[in-house]
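# Analysis of the macromolecular model
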Amino acid sequence: MTQHTDPDVTEFREPDPPDPGAFVELQAGILWIRLPIPGALRHINTWLVPGRRGWFLVDTGMRTDDVQAAWEALDRRLPLASGLESIVVTHHHPDHYGMARWLSERYGVGTAMTERAAAAAAAALQEDPRGRGQPSDGFAERLGIELDDDMRSILRGGIYRRIVSGQAPALPLADEVSGWTVTVHEGHAPGHACLFNAEARTLISGDQLLPTISSNVSLYPSNEHGDPLGDYLASLERLSALHAGTTVLPAHGRPFRTPHARIEALRQEHAARLERIRECCMEPRSTQQVAAMLFRLERLDALNRLLAVTETLAHLRRLELAGHATREGTAGTLRWRSN
Ligand SMILES: [Zn+2]
């Protein structure tokens, strides 16, 4: 969630990004579509990629009236009714998955996702924000984080259902889609898929590798005993095997051709944050205290406060698993201490 610009990452200055409802043609006949997102992120890129019979679409936009209007405008400009052969969703987050059901029903095509991504979408759609016995119950208390009602509602999927058009008819995502190799990456979201085309030396990276913002890596109730930051760093290691000069088509920002510079910058950013947290925990601190030392929590809205605290937790968990920090006490008395 840290906003910064990396001078070593060369984003495409040309062509200009498309307006909502329009598209721009890139290399290998790929059509770049940009859809609006309310708030700081502002947009998501989605891609219409030439397939065996027509196009497959990668990611779909959040379910809002503006995004629906953009798809209706695109429908007037492109032969989607006859040309769309399938939908691939990289992961279950609402800006990627939100319009999948609407588009699937409109065009009579399935939505292909990894099994873990489909399960995450189903779980987020089913969780009852007011019900008991939810995975999020007790999470904040156990881990020493303070949640207000808005943050709790987000954690329980209260917003998700409003910006997702429902559960899409899911198809299993094969290892290969029309010549594009599918690889699965953890850390940002369960079962996040990236697509790589060796011939075109192009990676569709979803949220796993972004040019100017770091992907959110958080510890959530569904993965309380996992290691999301360790998983994310392992994914960066795999992505570093890409050829230099690979074109990366990210879900946010502009396409870029310097994956290695970006991967290195992200590694350094996480290493610096881990080091800062170790320093913070020379004195035993609660999770909430550590988050408040890293982020100006009082200036953030509920969603970003939740991301700040759960990102802090992901880093604390990595330090714990690496043997660099230990938790002492439980629930209200939980404190983290550097070793
Ligand atoms: Zn995401």
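Quick summary incoming for the structure in this document. Note that the coordinates shown come from a computational prediction; the quantities given were computed from them, not determined experimentally.

## Here's the deal with the nonpolar core
- In this structure, W47, F56, L57, V58, I87, V88 and A117 are the most contacted members of the largest nonpolar core, which totals 80 residues.
- Among the elements that make up this core, the one with the highest residue count is helix α11 (residues 302-321) (7 residues).
- Apart from residues no more than four positions distant in its own chain, V88 is found in contact with F56, L57, V58, A112, L173 and V177.

## Comments concerning the packing of helix α8 (residues 228-239) against α11
- The geometry of α8 relative to α11 is characterised by a closest axis approach of 7 Å and an angle of 85° between their N-to-C directions. Here α11 runs roughly perpendicular to α8, going by the angle between their axes. Between α8, through P228, L229 and G230, and α11, the contact on the second element is made entirely by A314, H315, R317, R318 and L321.
- Looking at the contact of α8 with α11 residue by residue, the class counts come to 4 nonpolar, 2 polar and 2 charged.

## Focus on the sheet that holds strand β5 (residues 84-88)
- The sheet built from 7 strands is open, its strands ordered β1-β2-β3-β4-β5-β6-β7 with mixed pairing. A single partner strand is all that each edge strand has here, and the edge strands are β1 (23-25) and β7 (170-172). Geometrically, the sheet is characterised by an average inter-axis angle of 30° between neighbouring strands, direction not taken into account.
- In this sheet, β7 lies alongside strand β6 (residues 111-113) in parallel orientation, the contact comprising 3 bridges. Bridged to M113 within β7 is P172.
- Relative to strand β2 (residues 31-36), helix α1 (residues 65-77) is tilted by about 150°, and along the sheet it contacts β1 and β2.

## Observations regarding unusual backbone geometry
- Even without being glycine, A28 reaches a positive phi, approximately 60°.
- In this structure, D59 takes a positive phi of about 70° despite not being glycine.
- With respect to the secondary-structure elements, D59 resides in the loop between β4 (55-58) and α1.
- In this structure D59 comes out as buried when scored by C-beta crowding, with 26 C-beta atoms within 10 Å.

## Concerning the environment of L303
- Residue position: L303 is located in helix α11.
- Taking the C-beta count within 10 Å as the criterion, L303 has 15 such neighbours and is therefore assigned partly exposed.
- Taking the C-alpha atoms as reference points, L303 and L155, 148 residues apart in sequence, are found 9.0 Å from one another.

## Points about the pairing of strand β12 (residues 247-250)
- Here β12 shows no split at all, with T247 and L249 on one side and V248 and P250 on the other all buried.
- Of the pairings in the sheet, the one linking strand β11 (residues 202-206) to β12 comprises 4 bridges and is parallel in character. Residue pairing in the sheet places G206 in a bridge with P250 of β12.
- Read as a crossover between parallel neighbours, the route from β11 over α8 to β12 is right-handed.

## Here we look at the sheet that holds strand β8 (residues 176-177)
- Pairing is mixed across the open sheet formed by 5 strands, whose spatial order is β8-β9-β10-β11-β12. Since the sheet does not close on itself, it has two edges, and those belong to β8 and β12, each with one partner.
- Relative to strand β9 (residues 180-185), β8 is paired through 2 bridges, and the arrangement is antiparallel. Note on β9: the bridge partner recorded for E176 is T181.

## Comments concerning helix α9 (residues 259-280)
- Helix length check: α9, at 22 residues, gives a terminal C-alpha distance of 32 Å against a target of 32 Å (1.5 Å per residue), a fit within 8%.
- Looking at the buried residues of α9, the elements they touch are α8, β12, α10 (287-294) and α11.

## As for the pairing of strand β14 (residues 335-338)
- As paired elements, strand β13 (residues 325-328) and β14 share 4 bridges and run antiparallel to each other. Note that in β14 the partner of E328 across the bridge is R335.
- The hairpin formed by β13 and β14 contains 6 residues between the paired strands, and G329 there has a positive phi angle of roughly 75°.

The rules behind the values
- Residues numbered from 1 in each chain as written.
- Predicted model: local features only at pLDDT ≥ 70, side-chain atom pairs only at ≥ 80, totals over all residues.
- Core = buried A, V, L, I, M, F, W, Y, C linked by C-beta atoms within 7 Å.
- Buried ≥ 20, exposed ≤ 12 C-beta atoms within 10 Å, placed from the backbone.
- Helix = DSSP H or I, 4+ residues; strand = E, 2+ residues; numbered from the N terminus.
- Contact = placed C-beta atoms within 7 Å.
- Axes fitted to C-alpha atoms, helices over the stretch in contact; angles between N-to-C directions.
- Parallel < 35°, antiparallel > 145°, perpendicular 65-115°, else oblique.
- Nonpolar A, V, L, I, M, F, W, Y, C, P; charged D, E, K, R; others polar.
- Pairing = 2+ DSSP bridges.
- Right-handed = clockwise from strand over helix to strand, strands pointing away.
- Expected span 1.5 Å × (residues − 1).

These figures come from the coordinates and say nothing about function on their own.
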